[in-house]
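Architecture at a glance
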Amino acid sequence: MKLVCDREQILGPLQAVIGVVERRQTMPILANVLLVAKNGRLSITATDLEVELVAATDVNVQQGGEITVPGRKLLDIVKALPDKVGVTLALDGDRMTVRAGKSRFTLTTLPATDFPVVDEINAQLKVDLDQSALRRLLDKTHFSMAQQDVRYYLNGMLLETDGKMLRTVATDGHRLALCEMELDSRSGAQQVIVPRKGVLELQRLIGDEGAVAVQVGSNHIRVELGDIRFTSKLIDGRFPEYGRVIPATPPRTVTADRDALRRALQRAAILSNEKYRGVRLALKPNLLTITAHNPEQEEAEEEVEVTYAGDEMEVGFNVNYLLDALSAVDGAEVEVGLTDSNSSCLVRAPGGGNAKYVVMPMRL
Amino acid sequence: MSAPRAILHVDMDAFYASVEMHDRPELRGLPVIVGGTSGRGVVAAASYEVRRYGVHSAMPVREALARCPHAVCVKPRMERYKEVSQSVFEVFHEFTPLVEGLSLDEAYLDVTGSRRLHGEPAVIAAAIKARIRERTGLTASVGAAHNKLLAKIASDLKKPDGLCTIAPDEVARVLDPLPIRRLHGIGPKTATRLEECGLHTLGQLRAAPDAVLWPLFGKHTQNVRDRAAGIDERPVEADWQEKQVSAEETFDVDLKRAADMHAELAKLADRVGVRLRAKELTASTVVVKIRRRDFATYTRSRSFAPATQDTGAVLKIARELLDGWLAEQPRAAVRLLGVGLASLAPAVQLDLFGQPAGDAPTPRSEATAAPAGLPPAAGRAGAKLDPTLDRIREKFGDASVTRASSLGRGGPKEDGFTGVRRRS
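Okay, so let's go over this structure. Predicted model, so just to flag it, every value in this text is computed and none were measured.

Our next topic: the overall build of chain B. Tallying secondary structure elements over chain B gives 15 helices and 14 strands in all. By residue count, 45% of the 424 residues in chain B fall in the buried class. If you take every contact in chain B between residues at least 6 apart in sequence, the share linking residues at least 24 apart comes to 62%. For chain B, the accessible surface area stands at approximately 21,400 Å², while carbon and sulfur atoms represent 53% of it.

As C-alpha cells, then:
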C-alpha cells in the first residue's frame with residue numbers, strides 16, 4: 001500500500017473518526033484505525049465495537065491495500081506537520097512509514113483482517129433528512145439521557161417513527177425530553193434505542209447543511225453524512241412508555257419570559273445544595289418566587305414576573321433539570337404546566353411547539 | 001438468610017470524663033467523676049481511675065465519694081460533650097451513611113456496603129478509631145461482628161481503646177463463657193433468678209430447657225435463647241430512618257391559659273423544626289402530646305401532604321390539634337406539652353416512572369442492586385425564616401433568638417439568656 005496526499009486531505013477524516021478510538025481499549029487493535037486505499041480513495045475506519053466511524057477522502061493511490069496503524073499517533077503526527085505539506089504513507093513490511101518534507105516516521109501495524117468492521121446492517125427503515133433537522137432532534141433531547149444507569153435502556157436515545165413523524169425521546173427517570181418532526185415521505189413504523197456514546201458522536205459529526213441518509217436495521221443504525229459514515233449498535237431493550245408520563249393538560253399554567261426565568265434560576269442555583277440542586281418555586285398570581293439554600297444555610301431568593309392566574313402553590317425541583325429544559329425549549333416565552341407539588345411539570349413553547357420537557361419535582 | 005452483614009459498635013471510652021481530662025490536662029491520671037457537684041446528684045461518667053474503686057455511672061455521687069474520697073468531681077458541660085460527639089459522628093458518616101446513634105458517645109454502624117471502598121470491618125474499625133483520636137484526642141472501643149448484638153458485646157471485651165472482632169465461627173467460643181449479665185436486656189433481677197437456677201453463663205442460658213426459661217421469659221424464651229446464641233437480625237436504623245423527631249417540656253407551673261400553651265407550643269415546634277432540618281428530613285405527620293395536671297396524657301396527630309420541613313406549617317397544625325383538644329377540655333391545667341414529627345422521609349427527587357432510581361420498571365432488568373446512591377436528602381426548608389434562625393442559633397446558642405409567639409403574654413423572662421428584652 002502506498003499513497004500520496006496533502007496533510008489537510010487526511011487530517012479532516014482522521015479527526016472525524018478519532019473520537020471512537022478509545023484510550024484504554026480492551027483489544028490492542030481498537031487503538032488502531034483501518035486504512036483502506038483503493039481506486040483513488042482512502043477510507044479511514046475507527047471503532048470501539050459499539051460505534052464505528054468511516055471517513056473517506058480522495059488521494060493519489062499508487063498502490064492499493066489495507067492495514068491498521070495506531071490512530072492517535074497517526075493523527076498527532078499529521079496534526080503536527082506543517083500546513084499543506086505533501087504526505088506519503090507507505091507500507092514497508094510490517095511497518096508503515098509516514099514521510100513529509102524532511103520528517104519520517106515509522107509506525108507499527110496490525111493486519112487489516114483482524115479489524116472488526118460492520119458491513120451490512122440489513123436496513124428495515126430508510127429516511128432522508130436535512131442534517132439540520134437531525135441535529136435539532138438530537139440537540140433538543142440528548143441532555144436528558146441517563147448515564148450509566150442500571151436501567152441500561154435509558155443510557156441512550158429513543159428514535160421512533162410512526163411513519164408520519166420522526167421523534168427522539170431521552171429520559172433519565174427524573175426528567176424527559178421529546179422532540180419530533182414531520183417526515184416528508186411516509187415510512188414504516190420503527191422504534192430503536194441509540195446508545196449514548198453513539199448519540200454524542202453523531203452530534204459531533206452533523207453539520208447544519210446537506211442531507212443525511214438514516215438507515216435502521218435490527219441491530220444497528222447507520223447514518224451517511226457525505227464522506228462520513230456513522231454506524232452504531234442499538235440498545236436491545238424496551239424503552240419505558242414515555243407517553244403516560246407526559247401530562248396532557250396540566251391544570252396550572254405559568255407563562256414567563258424564557259430568558260428572565262432562566263437567569264433567575266441560574267442565580268438561585270448558585271446557593272442550592274451542590275449535590276441535590278434543590279430550588280423551591282412558590283407561585284402566586286403573576287408572581288413566581290424562587291428560593292434556594294445550601295447546607296451552609298446560605299440563601300438565594302429571586303422574584304420573577306409571570307403570567308399566572310391559579311391559586312398559590314409551592315413545588316421543589318432540581319434546578320439543573322429546569323435549566324436544561326429552559327435552554328432547549330424554543331421561543332422568547334415559555335409555558336410551564338404544573339399540577340401539584342408531587343406531579344411532573346411540562347415545559348414547552350406557549351401553546352405547544354414540537355419539543356416537550358417533563359420534569360419531576362423534588363420533595364423538599 | 002441474607003448475606004452476612006458487617007456491623008460495628010463504637011463506644012467512646014468514659015466519654016464525659018475523657019473529654020474533661022482532654023480539655024483539662026491537670027485532671028489526667030486523677031480519679032474523675034463527672035456529675036452533680038453538690039453531693040446530691042448521680043455519677044454521669046467515671047474515669048477509669050475511679051472505676052477501680054467500684055464507682056460506676058448512675059451511682060449516687062455521695063456513694064461514689066464514700067468509695068473514693070479523693071475523687072475529683074467535675075460539673076458536666078453538656079454543650080461541650082455535644083460538640084465533641086458531633087465530630088465523632090462526622091467520622092462515622094465518612095465511612096457509612098448507616099449510623100444509628102444510641103447516645104452522644106455510642107453508635108452502631110452498618111459498614112456492609114463500605115467494605116469495597118474502605119476494606120474489611122477490622123480495617124474500617126481501626127481507621128475510625130484513628131480518625132476519632134486525630135480529631136478529638138479521645139479513644140473509642142470498637143466491636144465488629146455480623147450483627148448488632150455481637151458488635152456491642154465485642155466492643156465491651158477489650159475496653160478501653162479496644163478493637164475486637166467476633167467472626168461467625170467464633171460466636172459460641174466467645175459468647176458461651178460470658179456471664180449472663182453481659183446480655184442486653186437481662187437486668188439484675190432476672191440475672192439473680194437465672195443464677196438461682198444455676199445458669200451463670202450465656203452458654204448455659206442457651207442450652208437451658210424450656211422448663212427453666214419459660215416461667216421467666218414466657219413467649220420471649222426463644223428470643224432470649226437466640227440472643228444468648230448471638231443471633232440478632234435487627235437492622236441498623238440509620239438516624240435519618242428515625243421514626244419521629246420530638247420535643248417536650250414539663251412546666252414549672254401548670255398552664256391554664258391557651259395563649260401560654262400556644263407560646264410553649266411555638267417553642268417546641270421551633271425545636272423540632274431545627275432538628276428536622278438538621279437531619280435533612282421532611283415530615284408529613286404532626287403529633288401533639290398533652291399531659292394534664294392529674295397526669296392523664298393525650299396525643300393528637302394529623303397527617304398532611306406534601307411533606308414539609310417548615311416550622312410555620314408544623315406550628316399551624318400543632319395549634320389546630322391543641323385547640324381541638326382545648327375545645328374538649330376548656331378548663332384543663334396542662335403540666336406537659338410535646339410536639340412530634342413523624343412519617344419522616346429524606347428530601348428526595350421523585351421519579352417519572354413511579355419507582356425510585358435504580359429500580360427497573362420492566363422485568364428485563366433485574367440488576368436492582370443498583371449503585372443508586374442514597375436518596376437525595378436536600379433542598380430547602382419551607383420558609384426562609386427557618387434556615388436563618390437555624391444559623392443564628394448555631395452561632396449564638398439555642399436561646400439567642402425566639403419567636404414572638406413563643407413569648408407568651410407575660411413577656412420575655414429577664415433571665416439573661418433570652419436575647420429579646422423589653423425596653424423599659
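Once the structure has been displayed, the description carries forward.
What follows deals with empty space enclosed by the protein. Where empty space is left can be seen by rolling a probe of water-molecule size over the atoms. Residues and elements named next belong to chain A. Enumeration according to the criterion identifies four cavities of 30 Å³ or more in this entry. Taken together, V254, L261, L265, L281, L283, L288, L322, L326, V336 and L338 form the lining of the largest cavity. Contributions of two or more residues to the lining of the largest cavity are made by helix 5 (258-269), strand 19 (278-284), helix 6 (319-328) and strand 23 (333-338).

Turning to the pattern of salt bridges, a few remarks are in order. Taken as a whole, this structure holds 52 salt bridges over all chains when the rule is applied. For E335 of chain A, the salt bridge is made with R348 of chain A, and the minimal N-O distance between the two is 3.4 Å. With E335 of chain A in strand 23 and R348 of chain A in strand 24 (residues 345-349), the pair connects residues that are 13 residues apart, well separated along the chain. For the pair E335 of chain A and R348 of chain A, a shared accessibility class is recorded, and that class is buried. With a shortest N-O distance of 3.0 Å, R77 of chain B and E20 of chain B are connected by a salt bridge. Of this pair, R77 of chain B sits in the loop between strand 4 (72-74) and helix 4 (78-93) while E20 of chain B sits in helix 1 (residues 15-23), and the two are 57 residues apart along the sequence. Look at R77 of chain B and you get partly exposed, because its relative accessible area is 35%. Taken together, the shared-partner salt bridges in this structure form one network comprising E20, D23, R77, R80 and E83 of chain B.

The subject of this paragraph is the layout of surface pockets. Residue and element names in this part refer to chain B. There is about 990 Å³ of room inside the second largest pocket. When residues of the lining of the second largest pocket are traced back to their parent elements, those giving at least two are strand 1 (7-12), helix 1, strand 3 (43-46), helix 2 (48-51), strand 5 (99-103), strand 6 (106-110) and helix 7 (148-157). Among the elements that make up the lining of the second largest pocket, the one with the highest residue count is helix 7 (six residues). Here the residues of the lining of the second largest pocket are counted per class, giving 14 nonpolar, five polar and 12 charged.

The subject of this paragraph is the side chain of D232 of chain B. Residue and element names in this part refer to chain B. Within the secondary structure, D232 is located in the loop between helix 12 (221-228) and strand 9 (244-255). Here the side chain of D232 touches L149 through a polar contact of 2.9 Å, landing on its backbone nitrogen. Look past the residues within four positions of D232 in its chain and what remains in contact with it is R5, N147, K148 and L149.

Moving on, we come to the sheet that holds strand 1 of chain B. Backbone hydrogen bonds are what pair the strands of a sheet, in a parallel or an antiparallel way. Residues and elements named next belong to chain B. Taken in spatial order, the five strands of this open sheet run 5-6-1-7-8, and their pairing is mixed. This sheet does not close on itself; its edge strands, each paired only once, are strand 5 and strand 8 (163-165). Put simply, the sheet's adjacent strands are angled 15° from each other on average, direction ignored. By the bridge criterion, four bridges tie strand 5 to strand 6 in an arrangement that is antiparallel.

We now examine the sheet that holds strand 1 (residues 2-6) of chain A. Residue and element names in this part refer to chain A. On the basis of which strands lie adjacent, the open sheet formed by five strands has the order 5-1-7-8-9 and antiparallel pairing. The open sheet has two edge strands with one neighbour each: strand 5 (60-63) and strand 9 (103-108). Recorded for the sheet is a direction-independent mean angle of 20° between the axes of neighbouring strands. Where strand 8 (residues 95-100) and strand 9 come together, six bridges link them in antiparallel fashion. Bridged to T97 within strand 9 is T106. Packed on one face of the sheet, helix 1 (residues 7-17) meets strand 1 and strand 7 (86-92) and runs near 95° to strand 1. The sheet strands contacting helix 2 (residues 71-80) are strand 7, strand 8 and strand 9, and the helix crosses strand 9 at an angle near 170°.

Rules used throughout
- Residues numbered from 1 in each chain as written.
- Chains lettered and ligands numbered in written order.
- Predicted model: local features only at pLDDT ≥ 70, side-chain atom pairs only at ≥ 80, totals over all residues.
- Heavy atoms only, no water.
- Helix = DSSP H or I, 4+ residues; strand = E, 2+ residues; numbered from the N terminus.
- Buried < 20%, exposed > 50% of the residue type's maximum accessible area, 1.4 Å probe, protein only.
- Contact = heavy atoms within 4.5 Å.
- Areas by Shrake-Rupley, 256 points an atom, 1.4 Å probe, with all protein chains shown as cover.
- 1 Å grid on protein atoms, 1.4 Å probe; cavity = no way out; pocket = protein on both sides within 12 Å on 5 of 7 lines; lining within 4 Å.
- Points joined across faces, edges and corners; volume = space filled by probe spheres on them.
- Salt bridge = Lys/Arg side-chain N within 4 Å of Asp/Glu carboxyl O.
- Nonpolar A, V, L, I, M, F, W, Y, C, P; charged D, E, K, R; others polar.
- Polar contact = N/O pair within 3.5 Å; in protein donor to acceptor, adjacent residues only side chain to side chain.
- Pairing = 2+ DSSP bridges.
- Axes fitted to C-alpha atoms, helices over the stretch in contact; angles between N-to-C directions.

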